[in-house]
Amino acid sequence: MKNVDLSKFVNPNYQPGSFLKRSLWFVFNSLFIKSSHPFTSLRTFVLKVFGAQIGKGCVIRPGVNIKHPWLLAIGDHTWIGENVWIDNLTDVSIGSHVCISQGATIITGNHRWDKEGFDLTLHPITIENGAWIGAKAVILPGSKIETHAVVSGGAVIHAIIPSFEIWQGNPATFLKKRIIN
Amino acid sequence: MKNVDLSKFVNPNYQPGSFLKRSLWFVFNSLFIKSSHPFTSLRTFVLKVFGAQIGKGCVIRPGVNIKHPWLLAIGDHTWIGENVWIDNLTDVSIGSHVCISQGATIITGNHRWDKEGFDLTLHPITIENGAWIGAKAVILPGSKIETHAVVSGGAVIHAIIPSFEIWQGNPATFLKKRIIN
Amino acid sequence: MKNVDLSKFVNPNYQPGSFLKRSLWFVFNSLFIKSSHPFTSLRTFVLKVFGAQIGKGCVIRPGVNIKHPWLLAIGDHTWIGENVWIDNLTDVSIGSHVCISQGATIITGNHRWDKEGFDLTLHPITIENGAWIGAKAVILPGSKIETHAVVSGGAVIHAIIPSFEIWQGNPATFLKKRIIN
């Protein structure tokens, strides 16, 4: 059996943006997005300046952490709750009328645990219109949250959650259908 | 099937305190409660000035995040660990001799996922005397932790945990009885 | 049945370092380790000054929280991800070529929930060479992660994870073997 050797880790295909842009974002993310101020409009403005697509009527709470705003698209009337962490090494696309509740985390990077070099792999995540990601939930690479699906609070998702379904637990499993009336 | 429309979200019955009080708390929470200083007595003093009921002999660690102190009651000799998050949109009542370990989260707000307008619903949470909430546990709306119950580290609670019972997992299930001798 | 009485909690055997050293570390941890700056070499330097053993080629990301650096040993070419929390009240030993992904938490302190005085108990944690702790995982007291074991994202560990095994869920269970080729 081979062993992992992280000294051999290389990452030539991961080009998430120029060094200057990433360095500037590092500072702006700390000052204006992760910080405690309450102003959604300031967060939205700064994110858009760095290339995020954000629709109208969105709410972005304090303490949010965004890896690369130029790889983030958010629709209209979507809420990003307090301390949400969008670790978007690659594209994260969030639809309209989505609620991502407080403390939820979205992860897009995985590793080849079957390779000596532990290569990074990237997995875009899509959260479709009307979905709800509950508080403290964790959305792992390769997941997809289809329209109006619900991820229960604290659930850990390794899966494609079909539309209008509610999933719960770790690993999450189907709980019941979502009926809106 | 109807869709969610967050542009229709209204919240007329949610009146957690005057705008002035909430704004002042927003600043004081950042400066004196969530911050890194080690002084329990300063945290207790500031929380009480904003209306929290806190008994004698309590310990409140750095990095704690409290939503509305005027909706928080804590008994005597209770410990609130580092980075605990009490998101008390409504009343949270914590008894005496309770330990809430580091990184635990208490959530009181839910949404009507079965309604187009995604109405907010509030669920007071009670944690009774002698209970222990383990590190990184998540207590979800509608839960109750009865006297001397134990929530294991990282557990996610959607339930009423009976007195002197230990629960574990996500969703948490009964593990064993707590016998104190 | 007896009740817990936290006013009787005493901790005479817990001597993690002099008051001066712990106080200084409290400040340096906030300023140089938990803070947002991106410089691994600064983090490594400060940790070593306070007694941590850290090998060559390690990466330590922003937002990391270390309780007592003098109780921390890390091998070569190991990565400590963003916002990792090592709550090492006692020894935490991390091997070489280990990846601890973003947001993971390592807990070493437990309590005698079967005693009126709720005595603190300490449990050193070892994470052996080549292991991978996934994002947002929680490693609880008494756990051991053997060489090249993998803890899935968000998993909660109360166990000894055998070498070259992948575990998932809360409580975590065996998923499959790790084959590296």
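Okay, so let's go over this structure. Worth saying up front: this structure is predicted, and the values here are computed from it rather than measured.

1. What to know about the sheet that holds strand E5 (residues 79-80) of chain C
In a beta sheet, neighbouring strands pair by backbone hydrogen bonds and run either parallel or antiparallel.
All names here are of chain C.
(1) Moving on: In spatial order, the strands read E2-E5-E8-E13-E16-E19-E20; together these 7 strands make up an open sheet with mixed pairing. Strands with a single pairing partner mark the edges of an open sheet, and in this sheet they are strand E2 (59-60) and strand E20 (172-177).
(2) Moving on: Examined bridge by bridge, strand E8 (residues 99-100) and strand E13 (residues 132-133) share 2 bridges and lie parallel to one another. Across the sheet, the residue bridging to Ile100 is Ile133, located in E13.

2. Thoughts on the relation of the copies chain B and chain A
(1) Moving on: Structural alignment of chain B on chain A gives an RMSD of 0.0 Å, achieved by rotating through 120° and translating 0.0 Å along the axis. Taken together, the rotation angle and the small translation identify this as a three-fold axis. Closest approach to the rotation axis among the C-alpha atoms of chain B is made by Asn170 of chain B, whose C-alpha sits 3.2 Å away.
(2) Moving on: Interface residue correspondence from chain B to chain A reaches only 3%, placing this contact among heterologous pairings that use different surfaces.

3. What to know about the packing of helix H1 (residues 19-33) of chain B against helix H2 (residues 40-49) of chain B
Residue and element names in this part refer to chain B.
(1) Moving on: Two elements in contact, H1 and H2, have axes whose closest approach is 10 Å; the angle formed by their N-to-C orientations is 170°. Between H1 and H2, the crossing angle belongs to the class labelled roughly antiparallel. Residues Trp25, Phe28, Phe32 and Ile33 of H1 form the contact with H2, whose participating residues are Leu42, Arg43, Val46 and Leu47.
(2) Moving on: For the contact of H1 with H2, a count of residues per class yields 7 nonpolar, no polar and 1 charged.

4. Here's the deal with the interface of chain B and chain C
(1) Moving on: Taken together, the contact pairs 34 residues of chain B with 30 residues of chain C.
(2) Moving on: Between chain B and chain C the total buried area reaches about 2700 Å² when both faces are included, carbon and sulfur atoms providing 63% of it.
(3) Moving on: The largest share of the area that chain B buries against chain C comes from Trp79, Trp132 and Ile180 of chain B, three residues that together contribute 22% of it.
(4) Moving on: Applying the counting rule to chain B against chain C returns 1 salt bridge.
(5) Moving on: Here chain B is connected to chain C by 11 residue pairs in polar contact (both at pLDDT 80 or more).
(6) Moving on: For the side of chain B that touches chain C, the elements supplying multiple residues, two or more each, are strand E19 (165-169) and strand E20 (172-177) of chain B.
(7) Moving on: When residues in the side of chain B that touches chain C are grouped by element, the largest group, 3 residues, is from E19 of chain B.

5. So, the packing of aromatic side chains
Centre-to-centre distance and the angle between the planes together describe a pair of aromatic rings.
(1) Moving on: Enumeration over the complete set of coordinates arrives at 18 aromatic pairs over all chains.
(2) Moving on: On the numbers, 4.8 Å between centres and 75° between planes, the contact of Trp79 of chain A with Phe9 of chain B is edge-to-face. Within this pair, whereas Trp79 of chain A is found in strand E5 (residues 79-80), its partner Phe9 of chain B is found in the segment before H1, the two belonging to separate chains.
(3) Moving on: Looking at Trp79 of chain A, the relative accessible area reads 15%, which means it is buried.
(4) Moving on: Relative accessible area serves as the criterion here: at 22%, Phe9 of chain B is assigned to the partly exposed category.
(5) Moving on: Taken together through their ring pairs, the aromatic side chains of Phe9 and Phe118 of chain A together with Trp79 and Trp132 of chain C make up a single cluster.
(6) Moving on: Sitting over the face of the ring of Trp70 of chain A, Lys21 of chain A holds its NZ or CZ atom 4.2 Å from the ring centroid.

6. Considering the interface of chain B and chain A
(1) Moving on: Opposite the 30 residues of chain B that make contact, chain A presents 34 residues.
(2) Moving on: Summed over both partners, the interface of chain B with chain A comes to about 2700 Å²; 63% of that surface belongs to carbon and sulfur atoms.
(3) Moving on: Interface area lost by chain B to chain A is led by Leu6, Trp85 and Trp113 of chain B, which between them contribute 24%.
(4) Moving on: Put simply, Lys67 of chain B and Glu82 of chain A hold a salt bridge, and the shortest N to O gap is 3.7 Å.
(5) Moving on: Connecting chain B to chain A are 11 residue pairs in polar contact (both at pLDDT 80 or more).
(6) Moving on: When residues of the side of chain B that touches chain A are traced back to their parent elements, those giving at least two are H1, strand E6 (85-87), strand E9 (105-107) and strand E10 (109-111) of chain B.
(7) Moving on: Its residues assigned to classes, the side of chain B that touches chain A comprises 13 nonpolar, 9 polar and 8 charged.

Rules behind the numbers
Residues numbered from 1 in each chain as written. Chains lettered and ligands numbered in written order. Predicted model: local features only at pLDDT ≥ 70, side-chain atom pairs only at ≥ 80, totals over all residues. Heavy atoms only, no water. Pairing = 2+ DSSP bridges. Helix = DSSP H or I, 4+ residues; strand = E, 2+ residues; numbered from the N terminus. Least-squares fit on C-alpha atoms with pLDDT ≥ 70 in both. Contact = heavy atoms within 4.5 Å. Axes fitted to C-alpha atoms, helices over the stretch in contact; angles between N-to-C directions. Parallel < 35°, antiparallel > 145°, perpendicular 65-115°, else oblique. Nonpolar A, V, L, I, M, F, W, Y, C, P; charged D, E, K, R; others polar. Buried area = accessible area lost by both parts, 1.4 Å probe. Salt bridge = Lys/Arg side-chain N within 4 Å of Asp/Glu carboxyl O. Polar contact = N/O pair within 3.5 Å; in protein donor to acceptor, adjacent residues only side chain to side chain. Phe/Tyr/Trp six-rings, centres within 6.5 Å; stacked < 30°, edge-to-face > 60°. Buried < 20%, exposed > 50% of the residue type's maximum accessible area, 1.4 Å probe, protein only. Lys NZ or Arg CZ within 6 Å of the ring centre and 35° of its normal.

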